[in-house]
There are 2 protein chains.
Amino acid sequence: MAAGWFYLSLLALSALGLMCILFTIYWMQSWHGGFAWDGTISMFNCHPVLMVAGMVVVYSAASLVYRLPQSWVGPKLPWKITHASLHLLAFILTVLGLVAVFKYHNNHNIPNLYSLHSWLGITAVFLFACQWFLGFAIFLLPWASMWLRSLLKPAHVFFGASILSLAIASVISGVNEKLFFSLKNTTKPYSSLPGEAVFANITGMLVVVFGLLVLYILQASSWRRPEVGITTEGQPLLHERE
Amino acid sequence: MAAGWFYLSLLALSALGLMCILFTIYWMQSWHGGFAWDGTISMFNCHPVLMVAGMVVVYSAASLVYRLPQSWVGPKLPWKITHASLHLLAFILTVLGLVAVFKYHNNHNIPNLYSLHSWLGITAVFLFACQWFLGFAIFLLPWASMWLRSLLKPAHVFFGASILSLAIASVISGVNEKLFFSLKNTTKPYSSLPGEAVFANITGMLVVVFGLLVLYILQASSWRRPEVGITTEGQPLLHERE
């Protein structure tokens, strides 16, 4: 891929990711009273922002590290560390996002983990935790054999994309659920599409477009390190030793 | 892949797909009064069943046609026709699913297409329609050049998987939304996880597991036609002439 096109795409993707976060912040700030870390509804408002930032945007940035041409030359260890560190940051944001909703629920005697949104979301977070620890143990620590790395790499890549897909489905169901909760009154129900509904629906669709673009880049051969004579599947990006 | 393992996997996947449809039917039959085609809530009940059957299960079956080893030998035209016909069946079921919800809404003066679930769902259906017509024109009709086919095949494959992902996110948000609608009363709210909530949540999670397995098979090299000396990306399954 030409360098100009690559950097333009990267800039557009970064702008879109940033928009996903900023739109979620604006939604919570303008229609739900903003943020606090005190167990009130303002603490709940941190939940969508932290989940979109952690499980979607930073997670995607971490996943795309190996699509940077700079990572295709020289030692791989710094890029592996960047990949793992960004995913750790994504995981920390995600856990904070969970704390925000659990603490709000507990303070208001609302049960946790009853909706399908929450079942799917907690499954995505659980898989993310497993993926991170397995990735750390197998691909970053130096003890795993090349055989084990090449055996597990396809699963690592597949679960990486799957967790992002589950996160996006969780975001969609979460935004939908929140709008049915907050737009209940009969003068401005969700079904009359008031300003908040349109804005939050657009935010959800932005997250979907961002996620699909990331998934496209992850699987497109034109974004991968070019290697002659090796099939895409066998490309030893992660399982080569430093 | 060994033939025994292949057919066992296929059987398990078919059983899971069938379970997704049967569970949705059972949910609508047992807790929502069953089915009719008369503009009442019983007509709405056809919507989740037809969408799960059309956009998820039959769509997946149609997508997986080229993963059958039988399709790897002999003329490709019969398999292309099977692929297109099954997708057409999936599309017809999907359109009927849309008719069910639109007619119910119209008969009860409920606005259409206001929720994020519906925005995402209608986007998935629109992309599905574009994908089918483009696929038909480029890959089934004999006029497109091999150059055009090989150019468009990666996009066809990517959008195929993306539409399934969007469909699954739509199903999740739809099940979640339906449960918040129907489990409103204070004696058995959704948050107390009554029988219906547990059953429908499990149905949603089954759809997710089914979808992930299909997406895994679609991208796994062990499920593709083995070809020596050709990279996975360049595998000319669709763009070879009969």
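See the structure printed just above.
Residues numbered from 1 in each chain as written. Chains lettered and ligands numbered in written order. Predicted model: local features only at pLDDT ≥ 70, side-chain atom pairs only at ≥ 80, totals over all residues. Heavy atoms only, no water.

Enquirer: Give a description of the layout of surface pockets that names residues and reports values.
Expert: All names here are of chain A. Empty space within the second largest pocket amounts to approximately 260 Å³. Along the wall of the second largest pocket there are 15 residues; nearest its centre are Leu10, Leu13, Ser14, Ala61 and Leu64. For the lining of the second largest pocket, the secondary-structure elements that each account for two or more residues are helix H1 (3-32), helix H3 (46-63) and helix H7 (195-219). If one sorts the elements of the lining of the second largest pocket by residue count, H1 sits on top with five residues. (1 Å grid on protein atoms, 1.4 Å probe; cavity = no way out; pocket = protein on both sides within 12 Å on 5 of 7 lines; lining within 4 Å. Points joined across faces, edges and corners; volume = space filled by probe spheres on them. Helix = DSSP H or I, 4+ residues; strand = E, 2+ residues; numbered from the N terminus.)

Enquirer: How would you explain the packing of helix H6 (residues 146-182) of chain A against H7 of chain A if you had to name every residue and give the values?
Expert: Residue and element names in this part refer to chain A. Where H6 contacts H7, the axes come no closer than 10 Å and their chain directions differ by 175°. Viewed along their axes, H6 and H7 adopt a mutual orientation that is roughly antiparallel. From H6, Ala161, Leu164, Ser165, Ile168, Val171, Ile172, Val175, Leu179 and Ser182 reach across to H7, where they touch Glu196, Ala197, Ala200, Asn201, Gly204, Val207, Val208, Gly211, Val214 and Leu215. Of the residues that constitute the contact of H6 with H7, the class distribution is 13 nonpolar, five polar and one charged. (Axes fitted to C-alpha atoms, helices over the stretch in contact; angles between N-to-C directions. Parallel < 35°, antiparallel > 145°, perpendicular 65-115°, else oblique. Contact = heavy atoms within 4.5 Å. Nonpolar A, V, L, I, M, F, W, Y, C, P; charged D, E, K, R; others polar.)

Enquirer: Pulling in residues and values, what's your account of a nonpolar patch on the surface?
Expert: All names here are of chain A. A grouping of Trp37, Leu88, Ile92, Val95, Leu96 and Val99 is seen on the molecular surface, where their side chains present a nonpolar patch of about 470 Å² in accessible area. Within the secondary structure, Leu88 is located in helix H4 (residues 77-107). Residue classification places Leu88 among the partly exposed positions, given a relative accessible area of 35%. (Patch = residues over 30% accessible without salt bridge, like charges linked within 9 Å, V, L, I, M, F, W, Y side chains within 5 Å. Areas by Shrake-Rupley, 256 points an atom, 1.4 Å probe, with all protein chains shown as cover. Salt bridge = Lys/Arg side-chain N within 4 Å of Asp/Glu carboxyl O. Buried < 20%, exposed > 50% of the residue type's maximum accessible area, 1.4 Å probe, protein only.)

Enquirer: Tell me about the interface of chain A and chain B, and please be specific about residues and values.
Expert: Contacts between the two partners involve 38 residues from chain A, matched on the other side by 38 residues from chain B. Taken together, both faces of the contact between chain A and chain B bury some 3,400 Å²; the carbon and sulfur share is 78%. Counting the surface chain A buries against chain B, the share from its top three residues, Tyr114, Leu116 and Phe158 of chain A, is 20%. Taken together, the links from chain A to chain B amount to zero salt bridges. Applying the counting criterion to the chain A and chain B interface returns twelve residue pairs in polar contact (both at pLDDT 80 or more). (Buried area = accessible area lost by both parts, 1.4 Å probe. Polar contact = N/O pair within 3.5 Å; in protein donor to acceptor, adjacent residues only side chain to side chain.)

Enquirer: Account for the relation of the copies chain A and chain B, with residues named and values stated.
Expert: When chain A is fitted onto chain B, the two copies agree to an RMSD of 0.0 Å after a turn of 180° and an axial shift of 0.0 Å. One copy is carried onto the other by what is essentially a two-fold rotation axis. Of all interface residues in chain A, 100% are interface residues in chain B too; the two copies therefore contact each other through one and the same surface. (Least-squares fit on C-alpha atoms with pLDDT ≥ 70 in both.)

Enquirer: Give me the lowdown on the packing of aromatic side chains, citing residues and values where you can.
Expert: With the rule as written, the count across this model stands at 34 aromatic pairs over all chains. Judged by centre distance (5.0 Å) and plane angle (15°), the rings of Phe23 of chain A and Phe199 of chain A are stacked. Here Phe199 of chain A lies in helix H7 and Phe23 of chain A lies in helix H1, a separation of 176 residues in the sequence. With a centroid separation of 5.2 Å and an interplanar angle of 55°, the aromatic rings of Tyr26 of chain B and Phe199 of chain B are classed as tilted. Of this pair, Tyr26 of chain B sits in helix H1 (residues 3-32) while Phe199 of chain B sits in helix H7 (residues 195-219), and the two are 173 residues apart along the sequence. With a relative accessible area of 47%, Tyr26 of chain B lands in the partly exposed category. An aromatic cluster is defined as three or more aromatic residues linked by ring pairs; in this entry it consists of Phe23, Tyr26, Trp31 and Phe199 of chain A. (Phe/Tyr/Trp six-rings, centres within 6.5 Å; stacked < 30°, edge-to-face > 60°.)

Enquirer: Before we move on, can you summarise H6 of chain A with the specific residues and values?
Expert: Because an α-helix completes one turn every 3.6 residues, residues spaced three or four positions apart along the sequence face the same direction. Between the first and last C-alpha of H6 of chain A there are 52 Å, a value that for 37 residues agrees with the 54 Å anticipated at 1.5 Å per step. Remark: the principal bend of H6 of chain A, roughly 35°, maps to Leu152 of chain A, with a proline, Pro154 of chain A, within the next four residues. (Expected span 1.5 Å × (residues − 1). Bend = angle between axes of the 7 residues up to and from the residue.)

Enquirer: Residues and numbers for the side chain of Ser71 of chain B, please.
Expert: All names here are of chain B. With respect to the helices, strands and loops of the structure, Ser71 is situated in the loop between helix H3 (46-63) and helix H4 (77-107). Here the side chain of Ser71 touches Leu68 through a polar contact of 2.7 Å, landing on its backbone oxygen. Setting aside residues no more than four positions away along its own chain, Ser71 makes contact with Val65, Tyr66 and Trp79.

Enquirer: Can you break down the packing of H1 of chain B against H7 of chain B residue by residue, with the values?
Expert: Residues and elements named next belong to chain B. Axis separation between H1 and H7 bottoms out at 9 Å; the angle between their running directions is 155°. What the angle tells us is that H1 and H7 run roughly antiparallel. Judged by the twist between their axes, the crossing of H1 over H7 is left-handed. Here the contact of H1 with H7 is composed, by residue class, of 18 nonpolar, five polar and one charged. (Left-handed = near helix turned anticlockwise from the far one by under 90°.)

Enquirer: Quick one: what's the story with empty space enclosed by the protein, residue by residue and with numbers?
Expert: Under the definition given, this model contains three cavities of 30 Å³ or more. Considered as a void within the structure, the second largest cavity measures approximately 180 Å³ in volume. If you go around the second largest cavity, you meet 18 residues; those closest to its centre are Ser165, Leu166 and Ala169 of chain A together with Ser165 and Ala169 of chain B. For the lining of the second largest cavity, the elements supplying multiple residues, two or more each, are H6 and H7 of chain A together with helix H6 (146-182) and H7 of chain B.

Enquirer: Account for unusual backbone geometry, with residues named and values stated.
Expert: Phi is positive for Leu113 of chain A, which is not a glycine, with a value near 55°. For Leu113 of chain A, the position within the fold is in the loop between H4 and helix H5 (116-140). Under the relative-accessibility criterion, Leu113 of chain A is labelled partly exposed at 33%. Residues other than glycine seldom take positive phi values, yet Leu193 of chain B does so here, at roughly 50°. Residue position: Leu193 of chain B is located in the loop between H6 and H7. When its relative accessible area of 30% is taken as the criterion, Leu193 of chain B is described as partly exposed.

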